[in-house]
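Now for the letters of each chain:
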Amino acid sequence: MRIGLLGFGVVGRGVYDLTAAREDMTVVKVVCLEDVTLPDAEVTKNFQDILNDDTIDTVIEAMGGLHPAYEFVRAAIEAGKNIISSNKALVATFYDELIPLAKEKGVAFRCTAAVGGGIGWLSELERARRMQTIEKVGGIMNGTCNYILDSMTRLGLTYADALSQAQALGYAEANPTTDVEGIDTWHKVILSSNIAFGISLDKDTVPAAGISKIKASDVANFTAHGFVCKLISTGKCVDGKVSAYVQPTLVKLGEPESAVPANYNLITLVGSASGRMSFFGQGAGRYPTAYNVVQDCADVLAGKSFYAPYGEKVAAENTDLLCYYVSGAADAWLEENKKESWGDAIVTAPVSVEKMHAWRKAHPDAFIAALAE
Ligand code: HSE
């Protein structure tokens, strides 16, 4: 395999290092905007140098962001090159365009590192789905949020201090919005659901609530009631009806999710034959992520193209009824649906996920957390 590598940041450098000693794959050209010299690869600032090189059969996209990653990936598919990407935003956003195009052109498209970083989650899902019906996917898919929530719970930090620590350690970005508002997890559960259920989820029907409004007093409330708060994604397919959402969730102390430390991920599937299977590991970082990019190269060499058939567009129907903890805002609807008070906060009687997320949108200062089913 002759590889053109787009991007030489955290992941790109890791891919270069991990492929260096291999005989079955070689990074021959790297697109990098900085002045770097590499012993075994040509460095260029111009993507056309990779696109027009007929000896390159595979493009690894490790740039991140939507543009120009999308334009480069699309052009590479059109040129008949396999694609391996670690970019969940790119794959989730342009799923309906890039996956059918790759299938039409007969090239492979893999993106295992896009969900779960160092956990081979999507390739495990690929194996799991060929033996059984997948009923549910989801779990803890964002290391930054888990680090913040874990630090607040175990060390008693405020949200601001926990976020600062996550930034100092390089987990959270200077602008943490994508992680803390649940957008990163949203991309990951959409992609996972598409593969698990063989569909293309209508993204507008998948709500996401993040953790940015959580306070130390909320965490004290959870501890007092025997719960731990985690940002949990859910994708379900029951009798053809799909539901999908991202939300802070209160899990009982003792449940596997409650024990996930620091910036780790715990991603789960429920299959009709296997029952529950969970995958734990590092959701980010140079070598864990690069490991799965290089695994994808090995899978392409073994003839694996994409994880699942491309399926029809499906709208999520989030009619599941759940009880919610709510703090930081109130109104008549909430009062009507109140089951009990936890200090200044309330816990609702069962309400639909759809209704609760619509209410939160209208009350942006509120913090909501579902009580796990
Ligand atoms: N920002 C992501 C996280 C990195 O914190 O999990 C990997 O997608």
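Trainee: What exactly am I supposed to notice about the nonpolar core here?
Mentor: Burial of nonpolar side chains together is a common tendency in soluble globular proteins. Within the largest apolar cluster, 84 residues are counted, with the highest numbers of intra-cluster contacts made by F109, W121 and Y325. When residues in this core are grouped by element, the largest group, 7 residues, is from helix α10 (residues 183-197). Ranked by size, the runner-up nonpolar core spans 23 residues in total, among them C32, A41, A62 and A113.

Trainee: Honestly, the sheet that holds strand β19 (residues 367-371) in this entry has me stumped. Any pointers?
Mentor: Remark on secondary structure: sheet strands pair via backbone hydrogen bonds, oriented parallel or antiparallel. Strands sit in the order β12-β11-β7-β9-β10-β19-β15-β17-β16 across an open sheet of 9 strands; the sheet is mixed. Each having just a single partner strand, β12 (275-282) and β16 (338-342) make up the two edges of the open sheet. Strand-to-strand, the axes of this sheet are offset by a mean angle of 30°, without reference to chain direction. Judged from the 12 bridges that link them, strand β9 (residues 227-238) and strand β10 (residues 241-252) form a sheet pairing that is antiparallel. Across the sheet, F227 pairs through a bridge with K252, a residue of β10.

Trainee: Please explain helix α11 (residues 216-224) as it appears in this structure.
Mentor: Given 3.6 residues to a turn, an α-helix orients residues that are three or four positions apart in the same direction. Of the residues making up α11, those classed as buried are D218, V219, N221 and F222. End-on, the buried residues of α11 take up no more than an arc of 155°, which puts them together on one face. Among the exposed residues of α11, those pointing more than 90 degrees away from its buried face are T223 and A224. Immediately downstream of α11, the backbone of G226 shows phi near 80°, a positive value.

About the criteria used
Residues numbered from 1 in each chain as written. Predicted model: local features only at pLDDT ≥ 70, side-chain atom pairs only at ≥ 80, totals over all residues. Heavy atoms only, no water. Core = buried A, V, L, I, M, F, W, Y, C linked by side-chain atoms within 4.5 Å. Buried < 20%, exposed > 50% of the residue type's maximum accessible area, 1.4 Å probe, protein only. Helix = DSSP H or I, 4+ residues; strand = E, 2+ residues; numbered from the N terminus. Pairing = 2+ DSSP bridges. Axes fitted to C-alpha atoms, helices over the stretch in contact; angles between N-to-C directions. Arc of directions from axis to C-beta.

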